[in-house]
Amino acid sequence: MIPAELYHIPLDTAEFNVIDVETTGLSARNNRVIEIGIVKINDLKIVDRYQTLINPGYRIPPFITQFTGIDDDDVYDAPTFSEVICKVEDFIGESVLSGHNLNFDLSFLRYEFLRNGNEPLANPNVCTLKIARKLYPMLRNKSLSSVTKHLRLKNSSAHRALADAEVTAKILVKMIKELRSKENINFLSELIQYQSKVISLNGSVKIPKKLNDDVISLPQSPGVYYFLNKKNQVIYVGKAKSLRERVHSYFSNSASSKTKRILRQAAKLRTEITNSELTALLLEAEAIKKINPKHNSQLKKYGNKYFIRITKTHKYPKPEISNKFDFDGNDYFGLFISRKRAEKVLNILDKAFALRECTDKELLKGKKCFLAEIERCTAPCIKKNDPGYEKEIVKAYEFLSGKNQSALDRLLNKMKSYSQKEQYEKAAEIKEVIDLILSQIHKSSLINEPVNKANVLFEVSETLSKDYLLMLEGKFIIKSNKKENDDKFEGPINDFYSNSINLDNVPSEEDLEKMKISLNWLVKNRNKVRVFYLEDYNSSEELFNAITNGLNPPKKSLSNFNLKYLTSHSISDDNVF
């Protein structure tokens, strides 16, 4: 228990411990700490430091090694978290915890403490990111590197725990000194209140008491917020990863003119808490279309959606862009939120794989084209059968299913071959394609099936509660937190295993909107997602047991996937154009 007197001590004499952790990923629930750095401040001076690498108990992902420089060899002989937990607690004691985006570090420490049977740290805390948002509103980016640069400090080793903790400690000291002179903040309680308070808009907007009370009581949870006017009409709907942080930003000195208009008309605030940012996004989109608030300009209509269609009904399939989703025997990959993004992927397919780009009419002429001459197509136009073309299609399917490495290895070998032959122009063209693939890797597919054939359950872990989304051949169903709606989610799963799905049930515009929002978010936050393919389980009981007991989904075989979706349309003389 932290003594109440601690809140009332002068900042000059307060003890702070600034923390930074490096981790194996972004999910506190599923990932582990691999390094912790703590810097102690007394009398606004750095007086002590603590740092240790930590063995997480499994291999460190390559991208984390690239980001932090910490690899498996570094942590091989390092202690586990259970071996350092007492040292960490003793070093911190009853001081004030601080950090930049402190909630991230504390979420990892919370899970590490709980896994080892310890109560999580309950120290008062001060976040330099929260203070920066209020103290430096002119800074567009409030990241650690941006604030470090703004205060003319140097970080000797960014993305290492002790170095980041040390520069954050220096930032905290500078902030406290600035707040003392500018805001007359001299006590710890005043500093803690400052980081959470709503800042008025230079007195230009008078905030009704009810609205102010609603804002003060906001939680850190994800969710949707509704501004209502005096007539109890919703005038604006928004979503937030943290309701408190997002709504508080409306009251900053740098708020936009639109924000000020909303606040002038707002009388109160209503919120709906969700389990994740994703369900907040989905709820926001649905609410805006249903309510049609006067100050919302986006999401009022269903936007355009784009797919990459593989024309499997053709003897020699080719990828092309489609803005429609259908069950016409072809395969659809995506969904892409803009035509420009779909065109980027189509451009990669055209340049990375030797597939035809000609029209059916040009193909029937049986004349070799320029692409065939430069080995950008296997030239099915002049061959009775072309097994090589089918191999290219298989490779294209792999790429569209998120398997980028195969395409990259192939292109790297091509580039090397051209360079050795001193065909530097061709090598440069291949290099452009490689760069294009690398720029798109973080946007690659989360599922390794065409969306019109995917029967998948997604589990999203962003808070202590989880979200579940079901995608059945384009239909999207979200599990409700209300028990009476369980059958709407579990019913379709049971139908799948009893083979009673209605195949004529074409996805609605609402389904496609949910697919667009969900897949875009899931790809960007794949570290928070587990993907369960329904066909990998024999029954709904087996599926639910795997989910409930935290079992890892089986690795879906891409070779089986290719066999399943391609052999039924393999190239033969019987295929028609």
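First, a word on scope: everything that follows refers to the structure included in this document. Computed from a predicted model, the values in this text were never measured in an experiment. (Residues numbered from 1 in each chain as written. Predicted model: local features only at pLDDT ≥ 70, side-chain atom pairs only at ≥ 80, totals over all residues. Heavy atoms only, no water.)

1. Here's the deal with the overall build of the protein
In terms of helices and strands, the protein carries 22 helices and 15 strands. Every one of the 577 residues in the protein was classed for burial, and the buried ones make up 49%. Roughly 28900 Å² of accessible area belongs to the protein as shown, and the carbon and sulfur atoms make up 48% of that amount. (Helix = DSSP H or I, 4+ residues; strand = E, 2+ residues; numbered from the N terminus. Buried < 20%, exposed > 50% of the residue type's maximum accessible area, 1.4 Å probe, protein only. Areas by Shrake-Rupley, 256 points an atom, 1.4 Å probe, with all protein chains shown as cover.)

2. Structural notes on the sheet that holds strand β8 (residues 268-273)
Here three strands make up an open sheet; going across it, the order is β7-β6-β8 and the pairing antiparallel. At either end of the open sheet lies a strand with only one pairing partner, and these are β7 (234-240) and β8. Within the sheet, the average angular offset between the axes of one strand and its neighbour, ignoring direction, is 20 degrees. Two strands pair when backbone bridges link them, and strand β6 (residues 223-228) and β8 are joined in this way by six bridges, in the antiparallel orientation. Paired with Leu-228 across the bridge in β8 is Lys-268. Its contacts with the sheet put helix α11 (residues 257-265) on β6 and β7, and the angle it makes with β7 is roughly 125 degrees. The strands touched by helix α12 (residues 277-291) within the sheet are β6, β7 and β8, with β7 carrying the most contacts at an inclination of about 160 degrees. (Pairing = 2+ DSSP bridges. Axes fitted to C-alpha atoms, helices over the stretch in contact; angles between N-to-C directions. Contact = heavy atoms within 4.5 Å.)

3. Observations concerning the packing of helix α5 (residues 128-135) against helix α8 (residues 188-196)
Packing of α5 against α8 brings their axes to within 8 Å, and their N-to-C directions diverge by 70 degrees. Comparing their axes, α8 and α5 come out roughly perpendicular. Crossing of α5 against α8: the hand is left-handed. Residues Lys-130, Ile-131, Lys-134 and Leu-135 of α5 form the contact with α8, whose participating residues are Leu-191, Tyr-194, Gln-195 and Ser-196. Split by residue class, the contact of α5 with α8 holds four nonpolar, two polar and two charged. (Parallel < 35°, antiparallel > 145°, perpendicular 65-115°, else oblique. Left-handed = near helix turned anticlockwise from the far one by under 90°. Nonpolar A, V, L, I, M, F, W, Y, C, P; charged D, E, K, R; others polar.)

4. Observations concerning the environment of Ser-276
As for its placement among the helices and strands, Ser-276 is situated in the loop between β8 and α12. When its relative accessible area of 1% is taken as the criterion, Ser-276 is described as buried. Dropping the residues within four chain positions of it, Ser-276 is found in contact with Pro-222, Val-460, Glu-462 and Asp-467.

5. Focus: the nonpolar core
Core analysis: the largest hydrophobic core is formed by 36 residues, its most contacted members being Ile-308, Leu-349, Phe-353, Phe-399 and Ile-437. Looking at this core, the elements that each hand over two or more residues are β9 (306-310), β11 (331-336), α13 (339-352), α16 (387-400), α17 (404-420) and α18 (424-440). In terms of nonpolar packing, the next biggest core, distinct from the first, is built from 32 residues, Leu-11, Ile-41, Val-173 and Leu-179 among them. (Core = buried A, V, L, I, M, F, W, Y, C linked by side-chain atoms within 4.5 Å.)

6. Let's talk about helix α9 (residues 209-216)
Listing the buried residues of α9 in full gives Leu-211, Asp-214 and Val-215. Angularly, the buried residues of α9 cover 95 degrees about the axis, an arc narrow enough to put them on a single face. Exposed and facing more than 90 degrees away from the buried side of α9 are Lys-209 and Ile-216. For α9, the elements touching its buried residues are β6, α10 (243-248), α11 and β8. (Arc of directions from axis to C-beta.)

7. Section: the environment of Asn-520
Within the secondary structure, Asn-520 is located in helix α20 (residues 509-524). Along the sequence, Asn-520 and Ile-337 sit 183 residues apart, while their C-alpha atoms lie 7.9 Å from each other.

8. Quick look at the pattern of salt bridges
Side-chain pairs of opposite charge can arise where the charged atoms are in close proximity. Enumeration according to the criterion identifies 26 salt bridges in this entry. Residue Glu-462 pairs with Lys-528 through a salt bridge whose shortest N-O separation is 3.0 Å. Taken together, the residues span a long stretch of sequence, with Glu-462 in the loop between β12 (455-461) and β13 (466-472) and Lys-528 in the loop between α20 and β15 (529-533) at a distance of 66 residues. Three or more residues joined by partner-sharing salt bridges are found here, namely Lys-289, Lys-305, Glu-509 and Glu-513. (Salt bridge = Lys/Arg side-chain N within 4 Å of Asp/Glu carboxyl O.)

9. Some words on the packing of α12 against α20
Where α12 contacts α20, the two axes come as close as 10 Å, and the packing angle between them is 155 degrees. The pairing of α12 with α20 is recorded here as roughly antiparallel in orientation. Of the two possible hands of crossing, α12 and α20 adopt the one that is right-handed. Along its contact with α12, which presents Glu-277, Leu-278, Leu-281, Leu-282, Ala-285 and Lys-289, the element α20 presents Glu-513, Lys-514, Ile-517, Ser-518, Trp-521 and Leu-522.

10. Here we look at the sheet that holds strand β10 (residues 319-322)
A sheet is described by the order of its strands in space; here three strands give the open sequence β10-β9-β11, paired in antiparallel fashion. In this open sheet, the two edge strands, each paired with only one partner strand, are β10 and β11. In this sheet, neighbouring strand axes are inclined to one another by 25 degrees on average, regardless of whether the strands run parallel or antiparallel. With five bridges joining them, β9 and β11 adopt antiparallel strand pairing. For Ile-308, the partnering residue across the bridge sits in β11 and is Phe-333. Against the sheet, α20 contacts β9 and β11, and its axis sits at roughly 65 degrees relative to β11.

Purely geometric numbers; function is a separate question.
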